[in-house]
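Working through the structure, step by step
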Amino acid sequence: METRALSVNLREVKKNEAAKLRRQGQVPAVVYHKGEATVAISVDEISLGKLVHSSESHLIDLQYQDGKSVLSFIKDVQFDPVSDRVIHADFQRFSADEVVEMEVPIHLEGECPGVKIGGGKIQINVHTLPLKGKPEAMPEHFTIDVSILELGQTLHIRDLQTIAPEGIEILGDADASVISVLAPRKESEAAAEGAAGA
């Protein structure tokens, strides 16, 4: 997984400070690590936005003004409900030998026979997967080959564990649906009418 550098500033936690920072193009954030005190920081809104809206996951090298840097990843992001601007972020710090949990985006590859031949439609039920493993083993995205999917087939989390990178575990309900190939609308409507008439 690629590591991206992000400049950060320490900030004071006081009344109206967050709103003031946002007016200056900064996003208030925190850095935390199990068993350690949470550190309040601010980051450039544009730089953070590029990481948040990327189609890949990244490890982030938080670089402080005093020259210190720590490895982390984005654990949580809060958006303004009206403008959709990033208004707060949580970074989780980690050490190289630590097992971490992070969300990784799904990428589809291949040509789906259920779509090309069957006329179906791919339905993506989740866009990210929660993964657990050591940071160096984490993929930037989780690739799923859809060339094996026929009309009416569904891939569940349990099906994906066999193709997960070595040392990576997919978290969540094993029966949770990730991708489905839906029948064409007319065909599904005819099947529903047939079932109703039976």
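These numbers come from a predicted model, not from an experiment.

Another aspect to go through is the packing of aromatic side chains. To describe a pair of aromatic rings, you give the distance between the ring centres and the angle between the ring planes. As enumerated under the stated definition, the model contains one aromatic pair in all. For the pair Phe73 and Phe94, a centre-to-centre distance of 6.1 Å together with 35° between the ring planes defines the contact as tilted. Placement of Phe73 in strand 5 (residues 69-79) and of Phe94 in the loop between strand 6 (86-93) and strand 7 (100-109) is noted, with a sequence separation of 21 residues between them. Against the face of Tyr64 rests Lys68, its NZ or CZ located 5.2 Å from the ring centre.

Tallied over the full model, the rule gives six salt bridges. One salt bridge in this structure joins Glu2 and Arg4, with 3.1 Å as the shortest N-O distance. Note on Arg4: relative accessible area 31%, which makes it partly exposed. Between Arg158 and Asp175 there is a salt bridge whose closest N-O contact spans 2.4 Å. Of this pair, Arg158 sits in helix 4 (residues 157-160) while Asp175 sits in the loop between strand 12 (169-170) and strand 13 (177-182), placing them 17 residues apart in sequence.

Before going further, it helps to examine the sheet that holds strand 10 (residues 142-145). Strand order in this open sheet of four strands is 10-7-9-12, and the pairing throughout is mixed. The sheet is open, and its two borders are formed by strand 10 and strand 12, each paired with just one other strand. Alignment of strand 7 against strand 9 (residues 128-133), held across six bridges, turns out to be antiparallel. If you follow Met102 over to strand 9, its bridge partner there is Leu131.

Procedures and definitions
Residues numbered from 1 in each chain as written. Predicted model: local features only at pLDDT ≥ 70, side-chain atom pairs only at ≥ 80, totals over all residues. Heavy atoms only, no water. Phe/Tyr/Trp six-rings, centres within 6.5 Å; stacked < 30°, edge-to-face > 60°. Helix = DSSP H or I, 4+ residues; strand = E, 2+ residues; numbered from the N terminus. Lys NZ or Arg CZ within 6 Å of the ring centre and 35° of its normal. Salt bridge = Lys/Arg side-chain N within 4 Å of Asp/Glu carboxyl O. Buried < 20%, exposed > 50% of the residue type's maximum accessible area, 1.4 Å probe, protein only. Pairing = 2+ DSSP bridges.

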